[in-house]
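Residues per chain are reported as follows:
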Amino acid sequence: MKPQFSAKNAWLWLALVSTALLAGIVSIEIGVLHPKLLRYFDNTGTLTDEPLALRSREHLLKALSLLQEPRPEQQTEQAQHELDLAYGLLNISLYTRQYPCTSEALVRIDQLHHMLQSSATVDQAAVHQTMLPAFQCTNAIEKGQNSKRSDLAQEIVASLDTQRRIFLWTTFLIVTAGIVLFGVHRQQLRIIADSRRETDKWIRHAMRDELTGIYNRRAFDADLRRHLKEHKETGKSFSLLMCDVDYFKQYNDSMGHPAGDKALQYITQSIMKMLRGSDSLYRYGGEELIVLLDNTDKLQAQNVARRALNQVRNLQLPHPSTELGYLTISIGCASSEEIEDCDEDILELVDKQLYKAKQSGRNRLACAVD
Amino acid sequence: MRYLYCILIFIVFFSALPALAHEETLSLVNNGKAIELSVDSLRAEADLEFTLFAPFRGQDVRIRGLLLESFFEKHLSRVPERIRLVAGDGYELPFENWKPNHWVLVTHEDGVPLTLRTQGPIRLVERNYAGRDPKILRNFNDWIWMLKRIEVLP
């Protein structure tokens with residue numbers, strides 16, 4: 001079965017694709033940015049929470065406070081321990097490579113350590129003078145690292161701003177494209193609907209008889225083909241009544257063609273009134289009409305035909321050229337079940353029956369098997 | 001003569017006390033009881049050696065140490081799931097559901113025993129970086145320098 005491509009589905013897919021595109025952009029942005037933000041701004045309680053240089057300075061300060069005079073020997077050892085911690089926190093490649101003062105600071109810490117080891121008393125002024133470059137270095141490193149962090153924050157903010165713009169423009173473009181496409185689609189739908197209405201109108205015109213308003217021969221051919229196919233496939237029965245107005249040429253000659261046309265209109269109207277919604281009436285030729293009785297067997301068709309004969313008789317349309325003095329019709333009848341056993345065409349069969357009715361005196365019904 | 005021996009023993013014992021007091025140790029606290037492990041003995045226990053790029057050194061170094069679970073098996077006869085690591089400078093880190101065969105207590109770098117000055121004497125590192133960029137130091141926040149105490153948590 002051919003898949004149905006409806007406008008509703010198309011719009012649903014367009015909406016889904018647009019949403020997926022937006023969601024993709026957002027997730028990519030978050031995916032790129034989130035780890036970066038975490039890496040630089042979510043270090044609480046971790047090794048790099050505080051710059052190592054700052055932590056080193058804290059130990060240097062502790063060492064200095066422990067070296068205040070007078071001090072017991074134990075305090076000196078503690079100060080040396082603090083100096084070692086300060087040394088360790090400063091002794092990393094990031095600092096030694098990027099901050100030239102680091103090597104000097106490490107040397108100074110080492111010097112003080114040796115001074116404390118070699119002498120029980122150390123001059124405070126010498127301690128301060130030795131440690132000053134180390135303090136200055138830790139300040140410089142901290143400042144440098146803060147500056148780097150600040151540059152990075154600005155870079156991230158700039159990147160966020162760019163991504164925000166991309167996101168807004170993409171959203172704008174998608175929405176605009178959606179609106180434009182929607183407009184174009186609506187316009188096309190209108191054109192298609194107009195065209196379809198026009199086509200339907202022409203088809204209706206092409207299938208109708210202009211004089212009587214009933215279906216014409218083209219419509220009958222199509223409907224007969226459909227019924228024959230259906231009968232062949234499902235066995236559904238149908239019947240045909242072929243009607244001909246008796247002595248219609250004489251009627252036209254004596255009453256005039258406009259009266260003939262009028263008479264045809266009366267006859268078709270009277271037959272139409274007695275038909276079911278599923279039955280159809282066609283103008284087959286000049287004064288020849290065909291009734292296609294849907295889902296009707298031979299006996300039911302004969303009843304309908306008799307009623308049709310009576311309907312026309314009851315119209316009592318005056319016809320001076322006939323014995324009865326009014327217009328009558330002759331009807332030939334054939335049913336789908338009659339063509340099952342013979343190779344004969346149903347149309348030929350019904351035509352033969354009409355001929356038989358005509359030959360046997362008109363104003364009557366003739367069926368294939370009576 | 002006996003008195004002389006006693007005096008000598010007294011002198012030797014008390015002169016050794018400061019040295020004992022200064023010996024570097026790692027505390028292992030389990031059920032509120034602390035075991036002081038000599039760093040020297042841990043250095044002797046170190047049986048794992050490998051080379052990796054040390055992010056804080058900015059170069060490849062030859063690491064020697066012992067696996068964290070081996071350390072626990074040897075000194076506790078079990079491997080706890082939850083521990084707390086305390087560094088000499090007061091830095092603390094709770095450590096839970098840690099990956100086995102991954103964390104190493106480092107005692108030597110390029111054959112040289114670690115000291116406080118080289119972020120030792122015991123340092124906890126990973127055996128590999130699992131795709132992390134070793135140039136970004138913030139990727140190694142779980143590493144513990146100057147490890148002083150390991151507490152087993154309930």
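Refer to the structure presented above.
Residue indices follow the written sequence of each chain, beginning from 1 at its first position. A letter from A marks each chain and a number from 1 marks each ligand, given out in the order of writing. Where local features are concerned, this predicted model is filtered to residues with pLDDT of at least 70; where side-chain atom pairs are given and counted, the filter is 80 or more; whole-chain, interface and lining totals use all residues. Only hydrogens and water are set aside; all other atoms, that is, all heavy atoms of the structure, feed into the side-chain values.

**Points about the interface of chain B and chain A**
- In this analysis, two residues are considered to be in contact whenever any of their non-hydrogen atoms come within 4.5 Å of each other. Each side of the interface is counted separately: chain B has 22 residues, and chain A has 26 residues.
- As a working definition, buried area equals the accessible area (1.4 Å probe) given up by two parts on being put together, with both sides summed. Summed over both sides, the interface of chain B with chain A buries roughly 2,100 Å², with 54% coming from carbon and sulfur.
- Salt bridges are defined by distance alone: a side-chain nitrogen of Lys or Arg within 4 Å of a carboxyl oxygen of Asp or Glu. Scanning the region where chain B abuts chain A turns up three salt bridges.
- Measuring nitrogen to oxygen at the nearest pair gives 2.7 Å for the salt bridge that ties B:D89 to A:R55.
- Side-chain atoms alone can form a polar contact between residues adjacent in sequence; in general such a contact is a pair of N or O atoms within 3.5 Å, and within protein one must be able to donate a hydrogen while the other accepts it. At the boundary of chain B with chain A, the tally comes to 11 residue pairs in polar contact (both at pLDDT 80 or more).
- All residues other than Ala, Val, Leu, Ile, Met, Phe, Trp, Tyr, Cys, Pro, Asp, Glu, Lys and Arg, Gly among them, are scored as polar; the first ten of these are nonpolar and the last four charged. For the side of chain B that touches chain A, the residue count by class is 10 nonpolar, eight polar and four charged.

**Side note on the packing of helix 2 (residues 52-66) of chain A against helix 6 (residues 124-207) of chain A**
All names here are of chain A.
- Note on definitions: angles span 0 to 180 degrees between N-to-C directions of axes, and those axes are lines fitted to C-alpha atoms, for helices only across the stretch in contact. Helix and strand definitions follow DSSP, with helices as H or I runs of at least four residues and strands as E runs of at least two, each counted in order from the N terminus. The N-to-C vectors of helix 2 and helix 6 enclose an angle of 160°; their axes lie 9 Å apart at closest approach. Accordingly, the angle class assigned to the pair helix 2 and helix 6 is roughly antiparallel. Here helix 2 and helix 6 pass one another in a crossing that is left-handed. On helix 6, the residues touching A53, L54, S56, R57, L60, L61 and L64 of helix 2 are V127, H128, M131, A134, F135, T138, N139, I141 and E142.
- Residue classes in the contact of helix 2 with helix 6 are distributed as 10 nonpolar, four polar and two charged. In what follows, roughly perpendicular refers to angles from 65 to 115 degrees, roughly parallel to angles under 35, roughly antiparallel to angles over 145, and oblique to any angle outside these ranges. Throughout, a crossing is termed right-handed when the near helix is turned clockwise from the far one, and left-handed when it is turned anticlockwise from it by less than a right angle.

**Considerations on the sheet that holds strand 4 (residues 329-335) of chain A**
Residues and elements named next belong to chain A.
- Strands qualify as paired when DSSP identifies two bridges or more between them. Spatial strand order, 2-3-1-4-5: five strands in an open sheet with mixed pairing. In the strand order of this sheet, the two ends are held by strand 2 (280-283) and strand 5 (365-367), each with one partner. Between one strand axis and the next, the sheet turns by 20° as a mean value, whatever way the strands run.
- Judged from the three bridges that link them, strand 4 and strand 5 form a sheet pairing that is parallel. Paired with G332 across the two strands is A366, which belongs to strand 5.
- Those strands touched by helix 10 (residues 298-315) are strand 1 (238-245), strand 3 (288-294), strand 4 and strand 5, and its axis lies near 170° from that of strand 4.
- Running over the sheet, helix 11 (residues 346-359) touches strand 1, strand 3, strand 4 and strand 5 and is turned about 145° from strand 4.

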